[in-house]
Amino acid sequence: MLSTRPPAIGDDPASLDAIWAALRPESPTAAPVIRAVMIASVDGTTTVDGRSGGLGTPTDRLVYDAMRARADLVLVGSGTAVAEDYGPAEVSPVWADRRTGPAPIILVLTRSLPDELIDLCADTDDRMQIAAAHETDPRLVGVARARGVTVHVLDPGPTGAAVRALASRLHAAEVDFEGGPRLLGELLAEGAVDDLVLSVAPEAIVGGDDSTLTPGHEHGYTRVPMRVVSAFSCPLGGLYTRWVVGEASR
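Small disclaimer: the values here were computed from a predicted structure and weren't measured.

About the criteria used
- Residues numbered from 1 in each chain as written.
- Predicted model: local features only at pLDDT ≥ 70, side-chain atom pairs only at ≥ 80, totals over all residues.
- Heavy atoms only, no water.
- Helix = DSSP H or I, 4+ residues; strand = E, 2+ residues; numbered from the N terminus.
- Buried < 20%, exposed > 50% of the residue type's maximum accessible area, 1.4 Å probe, protein only.
- Areas by Shrake-Rupley, 256 points an atom, 1.4 Å probe, with all protein chains shown as cover.
- Pairing = 2+ DSSP bridges.
- Axes fitted to C-alpha atoms, helices over the stretch in contact; angles between N-to-C directions.
- Contact = heavy atoms within 4.5 Å.
- 1 Å grid on protein atoms, 1.4 Å probe; cavity = no way out; pocket = protein on both sides within 12 Å on 5 of 7 lines; lining within 4 Å.
- Points joined across faces, edges and corners; volume = space filled by probe spheres on them.
- Nonpolar A, V, L, I, M, F, W, Y, C, P; charged D, E, K, R; others polar.
- Phe/Tyr/Trp six-rings, centres within 6.5 Å; stacked < 30°, edge-to-face > 60°.
- Lys NZ or Arg CZ within 6 Å of the ring centre and 35° of its normal.
- Salt bridge = Lys/Arg side-chain N within 4 Å of Asp/Glu carboxyl O.

(A) Region of interest: the overall build of the chain. Helix and strand counts for the chain come out as 7 helices and 9 strands. The proportion of buried residues among the 250 residues of the chain is 47%. Counting only carbon and sulfur atoms, one obtains 54% of the accessible surface of the chain, whose full area is about 12600 Å².

Here is the structure:
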């Protein structure tokens, strides 16, 4: 039986070049490229004790940091931002020589604008901003702005289209979406994700959190075709893949 072993990548200069190249968009486009970065265990669990960080490996960190170093904007859902205690983005020293300009802005997507999110984004010198759904209570938008938080109100209609329109207005060419899973499912179903960078942690979580990569929703299921364009492993295990979304494998 034939088998294929993906190349093992470490943190040497040649490996860093390979990771950077693996994340490069296949073809230039005038529209923002929205690239989701997610991690799951072999059984599909996405969090341990409520946090995705418990699944990571050093190579996963390299990939995650490379995504941020490439991005003009980092998108994340409010639940993930609060649970993971997000702060302003930093560019890892490993990738700093490949980036010009400051670190990307963190843009947190929300429908409810909870106090915890306003507290998280306040006093960050505009390095963390909020994208509020069109139907968000205007009073809460006012409260956040009074705290010095920049709040962008999304256009009405599907979330994915509204996010892409906002990213375009903010002149973002590459957008890094970091979760959470429910929002990822919504964006995938709407055709609003161009690439999925998926790390598969080298373990199965038995009896862990009830978390999956794309939880179900009330509208049933949507089949989203994808085509793998790169895959590699690391000496500590794990599988790191990049998929083009919306294209069936050939």
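Following the structure, the description resumes.
(B) Representation of the sheet that holds strand E5 (residues 151-153) in the model. Read from one edge to the other, the open sheet built from 9 strands follows the order E5-E4-E3-E2-E6-E1-E7-E9-E8, with strand pairing classed as mixed. The open sheet has two edge strands, E5 and strand E8 (226-233), and neither has a second partner. Strand-to-strand twist across the sheet, computed as the mean angle between neighbouring axes with direction ignored, equals 25°. Of the strand pairs in this sheet, strand E1 (residues 33-40) and strand E7 (residues 195-200) are connected by 6 bridges, and their pairing is parallel.

(C) Molecular detail of the environment of Ala36. Turning to its location among the elements, Ala36 is positioned in strand E1. As a C-alpha pair, Ala36 and Leu196 span 160 residues in sequence and 4.8 Å in three-dimensional space. In contact with Ala36, other than residues within four places in its own chain, are Met67, Phe177, Leu184, Val193, Asp195, Leu196 and Val197.

(D) Main features of empty space enclosed by the protein. With the rule as written, the count across this model stands at 1 cavity of 30 Å³ or more. There is about 60 Å³ of room inside the largest cavity. Ile19, Ala22, Leu23, Val63, Val197, Ser230, Phe232, Tyr240, Thr241 and Arg242 together form the lining of the largest cavity. For the lining of the largest cavity, the secondary-structure elements that each account for two or more residues are helix H1 (13-22), E8 and strand E9 (239-245). The leading source of residues in the lining of the largest cavity is E9, at 3 residues. Among the residues forming the lining of the largest cavity, the class breakdown is 7 nonpolar, 2 polar and 1 charged.

(E) Here's a closer look at the packing of aromatic side chains. Per the counting criterion, the structure on display carries 2 aromatic pairs. Ring centres of Trp20 and Trp95 lie 5.4 Å apart, and the angle between their planes is 25°; on these two criteria the pair is classed as stacked. Placement of the pair is Trp20 in helix H1 and Trp95 in the loop between helix H3 (78-83) and strand E3 (105-110), with a sequence separation of 75 residues. By relative accessible area, Trp20 is classed as buried at 12%. Relative to Tyr240, the ring of Phe232 lies with its centre 5.6 Å away and its plane at 25°, an arrangement referred to as stacked. We classify Phe232 as buried; its relative accessible area is 7%. The aromatic ring of Trp20 is capped on one face by Arg70, whose charged end is 4.8 Å from the ring centroid.

(F) Layout of the layout of surface pockets. The calculated volume of the second largest pocket comes to roughly 550 Å³. Contributing elements (two or more residues each) for the lining of the second largest pocket: H3, E3, helix H6 (159-169) and helix H7 (181-189). Per-element accounting of the lining of the second largest pocket gives the leading share, 6 residues, to H7. Split into classes, the residues belonging to the lining of the second largest pocket amount to 11 nonpolar, 13 polar and 7 charged.

(G) Highlighting the pattern of salt bridges. For the coordinates displayed, the defined rule picks out 14 salt bridges. With a shortest N-O distance of 3.1 Å, Arg61 and Asp65 are connected by a salt bridge. Of this pair, Arg61 and Asp65 are both found in helix H2 (residues 58-70), 4 residues apart, which corresponds to roughly one turn of the helix. You can call Arg61 partly exposed: its relative accessible area is 47%. Between Glu135 and Arg111 there is a salt bridge, and its shortest N-O distance comes to 4.0 Å. Of this pair, Glu135 sits in the loop between strand E4 (128-132) and helix H5 (138-146) while Arg111 sits in the loop between E3 and helix H4 (115-121), placing them 24 residues apart in sequence. By relative accessible area, Glu135 is classed as exposed at 59%.

Honestly, that's just the spatial picture; any functional story needs more than this.
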